[in-house]
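Observations on the three-dimensional arrangement
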Amino acid sequence: MRRFMAIIVSVLTLVGCGVQENKTQRSFFAMDTVMNVTVYGDNSEKLVQQAGNMLDNMSVLWSVTDENSEIYAINHSGGGTVDISAETSELIRFALEMDGLTDGALDVTLYPVIKEWGFTTGEYKIPSEERLYQLLKYTGTQNVILAENSVTVAEGTEIDLGAVAKGYAGDKLYKYLTENGVTSALLDLGGNIHAIGVSPDGSPWRLGVRSPDGNGNVAVLEISDMAAVTSGGYERYFIGDDGKRYCHIIDPATGCPADSGLASATIVGRHGALCDALSTAVYVMGAEKAEALWRKIGGFDMILITDGGDMLITEGLKDVLSIADAFYGELKVIS
Ligand code: ADP
Ligand code: MG
């Protein structure tokens, strides 16, 4: 009897598939941002729910403010060794590697500096040079000793995985969803996009690349099975008493907000964590160094919008990117 039921159910599902589209879309608040998860196909309801649980768990694990988080424990260890989960260890290891690859432009030990500028509370201020000089002593990979299941940071050193965690989370969700048969889904994790498979009509996902000045899109990107991650100075910033604009991405070399001539950096590639790490690092290092890094390590493409409104793209995007209404500058293809 049971087997008979099973056969009927599967036939119905198969027929249903062709006739009507099954879609589940839900918003979650995790990692201090709004995340939208859209999954197409059977079972999408259950899968989206589980995706939400995964985001919650990672959010708790890596929060800088939640007293139950592993990062909180590390940052309040007073120089002691803290046991951490395999996932946290993996993410910190990845971040340290990226720090090396980007010549220190990505630095997950900047938290003391980020706090000083007020980016954690919204009570912004421009720190004195002496203060920044003091705080920069606590930053840098030499202050972090990572083992398989534990980490030790120097007293005063604090870790913040905000520049890599959303990309890493996207990779985890990608793996979970595709292993469970999903061939069409879109993850928008606070601006980090993971386009899984193709859109429900079988065509690539179409993503708009926002203009840094907020007026529509400068380009449209057609991708499938790819992540696209943007870092920009236009989303979180404050205007100082000196009338200058200070953004939330910090140049680890100076302890000051990055000012490399880029308004935004979008990285496109298979791995979300890599795209996330590189979007932040490239925004810090600027176009010239970014181009050199692209030549050196490859494995990703990028769209750089300069402060002057020009666009630089790497050759891998030539056939999948089209210019949109809000673009007024010059386009250069890096090859
Ligand atoms: P967002 O998280 O705003 O989408 P990013 O991925 O670029 O953008 O991450 C920026 C966050 O990472 C900042 O809010 C800050 O917490 C932290 N951060 C700032 N500058 C750096 C840096 N040079 N390296 C690593 N983390 C940074
Ligand atoms: Mg990033």
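These numbers come from a predicted model, not from an experiment.

Attention now goes to the pairing of strand E9 (residues 217-223). By the criterion of burial, E9 is predominantly enclosed, with five of the seven residues buried. Looking at chain direction, strand E8 (residues 205-210) and E9 are connected through six bridges and run antiparallel. Considered in E9, the bridge of Trp205 is made with Ile223. Counting the residues that bridge the hairpin from E8 to E9 gives six residues, and of these Gly214 lies at a positive phi of roughly 85 degrees. The pairing of E9 with strand E18 (residues 321-323) spans three bridges and is antiparallel. By the bridge assignment, Val220 is partnered in E18 with Ser322.

Another aspect to go through is the coordination of the magnesium ion (ligand 2). Six octahedral donors around a metal ideally sit at 90 or 180 degrees from one another, while four tetrahedral donors ideally sit at 109.5 degrees. Ligation of the magnesium ion (ligand 2) by protein atoms is provided by Ala163 (O), Asp276 (O), Asp276 (OD) and Thr280 (OG1), these donors lying 2.1 to 2.6 Å from the ion. Summarised as a motif, the one-chain spacing of the donors to the magnesium ion (ligand 2) is A-x112-D-x3-T. Of this pair, Ala163 sits in the loop between strand E5 (150-153) and helix H7 (165-179) while Thr280 is found in helix H8 (residues 272-297), placing the two residues 117 residues apart along the sequence.

A few words on unusual backbone geometry. Although it is not a glycine, Asn43 sits at a positive phi angle of roughly 75 degrees. By secondary structure assignment, the location of Asn43 is in the loop between strand E2 (33-40) and helix H2 (44-62). The phi dihedral of Asp103 falls on the positive side, at around 60 degrees, and the residue is not glycine. By secondary structure assignment, the location of Asp103 is in the loop between helix H4 (86-101) and helix H5 (111-116). Take Asp103: its relative accessible area is 75%, and that puts it in the exposed class.

Within the secondary structure layout, Asp171 lies in helix H7. Among buried Asp, Glu, Lys and Arg side chains, Asp171 stands out as unpaired, with Lys172 the closest opposite charge at 8.6 Å. In terms of polar contacts, Asp171 uses its side chain to reach the backbone amide nitrogen of Ala273, at 2.9 Å. In this structure Asp171 touches His194, Arg270, His271, Gly272 and Ala273, once residues within four positions along its chain are discounted.

Attention now moves to the side chain of Thr266. Within the element layout of this structure, Thr266 appears in strand E15 (residues 262-269). Residue classification places Thr266 among the buried residues on the basis of a relative accessible area of 3%. Within polar-contact distance, the side chain of Thr266 engages the side chain of Thr230 at 2.8 Å. Setting aside anything within four residues of it in sequence, one finds Thr266 in contact with Val209, Val229, Thr230, Asp301, Met302 and Ile303.

Attention now goes to the pattern of salt bridges. What the rule picks out here adds up to 11 salt bridges. Two residues, Glu116 and Arg131, come together in a salt bridge whose shortest N-O distance is 3.3 Å. Taken together, the residues span a long stretch of sequence, with Glu116 in helix H5 and Arg131 in helix H6 (residues 129-136) at a distance of 15 residues. A salt bridge links Lys175 to Glu179; the nearest nitrogen and oxygen atoms lie 3.1 Å apart. Linking Lys175 with Glu179, this pair stays in helix H7, spanning four residues, or about one helical turn. Overall, the relative accessible area of 58% leaves Glu179 in the exposed class.

So, about the sheet that holds E8. Here we have three strands laid out as an open sheet, ordered E8-E9-E18, and antiparallel in their pairing. Each of the sheet's edge strands pairs with one partner strand only, and the pair in question is E8 and E18. Between one strand axis and the next, the sheet turns by 25 degrees as a mean value, whatever way the strands run.

Let us now look at the domain arrangement of the protein chain. When its domains are assigned, the protein chain resolves into domain 1 (7-60 + 164-334) and domain 2 (68-153). When each unit is reduced to the centre of its C-alpha atoms, the spacing between domain 1 and domain 2 is 24 Å. Taken together, the contacts link 31 residues of domain 1 with 24 residues of domain 2. Note on domain 1 versus domain 2: buried area summed over both sides is about 2,200 Å², and carbon and sulfur give 78% of it. When the area that domain 1 buries against domain 2 is broken down by residue, the three leading residues are Tyr168, Phe238 and Pro252, summing to 27%. For Lys172, the salt bridge identified is with Glu87, shortest N-O distance 3.7 Å. Our count for the contact surface shared by domain 1 and domain 2 stands at two residue pairs in polar contact (both at pLDDT 80 or more). Taken together, the elements giving at least two residues each to the side of domain 1 that touches domain 2 come down to H2, H7, strand E11 (237-239), strand E12 (245-247), strand E14 (256-257) and H8. The greatest single-element share of the side of domain 1 that touches domain 2, amounting to 10 residues, is contributed by H8. Across the side of domain 1 that touches domain 2, the residue classes break down as 23 nonpolar, five polar and three charged.

Cut-offs used in this document
Residues numbered from 1 in each chain as written. Chains lettered and ligands numbered in written order. Predicted model: local features only at pLDDT ≥ 70, side-chain atom pairs only at ≥ 80, totals over all residues. Heavy atoms only, no water. Buried < 20%, exposed > 50% of the residue type's maximum accessible area, 1.4 Å probe, protein only. Helix = DSSP H or I, 4+ residues; strand = E, 2+ residues; numbered from the N terminus. Pairing = 2+ DSSP bridges. Donors = N, O, S within 2.8 Å, 3.2 Å for Na, K, Ca; no water. Lys, Arg positive; Asp, Glu negative; His and termini not counted. Salt bridge = Lys/Arg side-chain N within 4 Å of Asp/Glu carboxyl O. Polar contact = N/O pair within 3.5 Å; in protein donor to acceptor, adjacent residues only side chain to side chain. Contact = heavy atoms within 4.5 Å. Axes fitted to C-alpha atoms, helices over the stretch in contact; angles between N-to-C directions. Domains from an automatic or database assignment. Buried area = accessible area lost by both parts, 1.4 Å probe. Nonpolar A, V, L, I, M, F, W, Y, C, P; charged D, E, K, R; others polar.

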